[in-house]
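Chain and residue survey
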Amino acid sequence: MKSAKKILIRTLAASAILLALPLSVSSQTDEKQAAEIGARVSASVDKKIIKGLHISLEEELRFDNNFKSFDRFHTTLAVKYKAHENIKVGLGSALINSYNHSKTKFKNPRLRVFADITGTLKLGNWNLSLKERFQATFRTGDYNPYQNPACALTLKSRLMLKYKGFRRVEPYTYFELRNYMNAPVISAAYDGTAYYTMDGEDDGEEGWFLTGFNGGYINRYRGAIGIEVTLDRRNTLDFYFMGDYFSDKVVDANKEGTTLKSYSREYGFKGHLGINYRFSF
């Protein structure tokens, strides 16, 4: 037990140091987006298979643009296993359907698969946990290969503190980083009027601007406060507010790979009010 706690303490400390070091990004123009607030509403069913092994199904609806617009819904199926008193592992998949407001129809769905591991330290009535999740999101249908990879790879790291000293109420807070691991890399410089290659050649030479999908950078900094309320042994409600600072590199190019129209970093803040209902049996 003591050795497991020492390993977890060292892992938490090392992760805190590593997560504070964002990976470098290429040069681009910056575009600040207007701050907005949205909502996430979800319901899930959790079924115990055997001791320590659970399977769950969750449906989540997301709204953005200050609650004015429907953004997407996620359908997630996951399996979790308590491998040790302090360690849980999980596997799952999600179907993501996003809504395109400009065309008033749903976009091509994306399929996401993920694996995670969570280590928890119990310190009296406090639980300190570190969750690492690796996920791969696959695009379907028609997309521009010079703007996005066919499969986006992401590593999410979440440090959470939860208080369990009350009978039915568990307040918590967490901080999370999301590292986009295979973003497009552009070998272009911008002088304020046009893009140029590093060799000074004019915009438009075939294939010069995209060197691959190996540009890792942190594109989400998230923090949240919440409260989990146990209504009875089967029913639980979770209320939270999450602040999300985003910083996304956006590539606009033609599908032939001959013209870079724009290359920018969109950044800003979004707030999310959330509620989740969970039924366990």
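Residues numbered from 1 in each chain as written. Predicted model: local features only at pLDDT ≥ 70, side-chain atom pairs only at ≥ 80, totals over all residues. Heavy atoms only, no water.

So, about the overall build of the chain. Helix and strand counts for the chain come out as 1 helix and 15 strands. Looking at the chain as a whole, 40% of its 281 residues qualify as buried. Pairs at least 24 residues apart make up 59% of the contacts formed inside the chain by residues separated by at least 6 positions. (Helix = DSSP H or I, 4+ residues; strand = E, 2+ residues; numbered from the N terminus. Buried < 20%, exposed > 50% of the residue type's maximum accessible area, 1.4 Å probe, protein only. Contact = heavy atoms within 4.5 Å.)

To continue, consider the nonpolar core. Formed by Ile186, Ala188, Phe209, Leu210, Val251, Ala253, Leu260 and Tyr263, the largest nonpolar core amounts to 8 residues. Ignoring anything within four residues of it in the chain, the contact list for Val251 reads Tyr146, Gln147, Pro184, Ile186, Leu260, Ser262 and Tyr263. (Core = buried A, V, L, I, M, F, W, Y, C linked by side-chain atoms within 4.5 Å.)

This paragraph deals with the environment of Pro184. Position of Pro184 among the secondary structure elements: in strand β10 (residues 169–186). The exposure class of Pro184 is buried, given its relative accessible area of 4%. Residues Pro184 and Gln147 lie 37 residues apart in sequence; the distance between their C-alpha atoms is 7.1 Å.

On to the pattern of salt bridges, then. Per the stated rule, a full pass over the model turns up 13 salt bridges. One salt bridge connects Asp116 with Arg133, and the closest N-O pair in it is separated by 2.8 Å. With Asp116 in strand β7 (residues 110–123) and Arg133 in strand β8 (residues 126–139), this pair connects stretches of sequence that are 17 residues apart. Taken as a pair, Asp116 and Arg133 share a single burial class, namely buried. Between Arg220 and Asp244 there is a salt bridge whose closest N-O contact spans 3.7 Å. Note that Arg220 is positioned in strand β13 (residues 210–230) and Asp244 in strand β14 (residues 235–253), a separation of 24 residues in sequence. Classification of Asp244 by relative accessible area gives buried; the value is 4%. (Salt bridge = Lys/Arg side-chain N within 4 Å of Asp/Glu carboxyl O.)

Relative to strand β4 (residues 69–84), strand β3 (residues 53–64) runs antiparallel, the two sharing 12 bridges. Paired with Leu53 across the bridge in β4 is Tyr81. The turn linking β3 back onto β4 is made up of 4 residues, and Asn65 within it adopts a positive phi angle of 55°. When β4 meets strand β5 (residues 87–100), the two strands line up antiparallel, connected through 12 bridges. Bridge pairing in β5 links His84 to Ile87. Where β4 hands over to β5, the hairpin turn is made up of 2 residues, counted between the paired strands. (Pairing = 2+ DSSP bridges.)

Once that is clear, we can look at a positive patch on the surface. On the surface, Lys48, Lys51, Lys80, Lys82, Lys88 and Lys122 cluster together into a patch of positive charge. Counting through the fold element by element, Lys82 comes out in strand β4. (Patch = residues over 30% accessible without salt bridge, like charges linked within 9 Å, V, L, I, M, F, W, Y side chains within 5 Å. Areas by Shrake-Rupley, 256 points an atom, 1.4 Å probe, with all protein chains shown as cover. Lys, Arg positive; Asp, Glu negative; His and termini not counted. Charge placed at Lys NZ, Arg CZ, Asp CG, Glu CD.)

Turning next to the side chain of Asp116. The class for Asp116 is buried, based on a relative accessible area of 9%. In terms of polar contacts, Asp116 uses its side chain to reach the side chain of Arg133, at 2.8 Å. Sequence-distant contacts of Asp116, defined by excluding residues within four places in its chain, comprise Lys88, Val89, Gly90, Lys131, Glu132 and Arg133. (Polar contact = N/O pair within 3.5 Å; in protein donor to acceptor, adjacent residues only side chain to side chain.)

Moving on to a nonpolar patch on the surface. A cluster of nonpolar side chains, namely Ile49, Ile50, Ile55, Leu57, Leu77 and Val79, defines an oily patch on the protein surface of about 500 Å² accessible area. Listing elements by their share of the nonpolar patch, those giving two or more residues are β2 (36–50), β3 and β4. Considering the arrangement of structural elements, one finds Val79 in strand β4. A relative accessible area of 36% means that Val79 is categorised as partly exposed.

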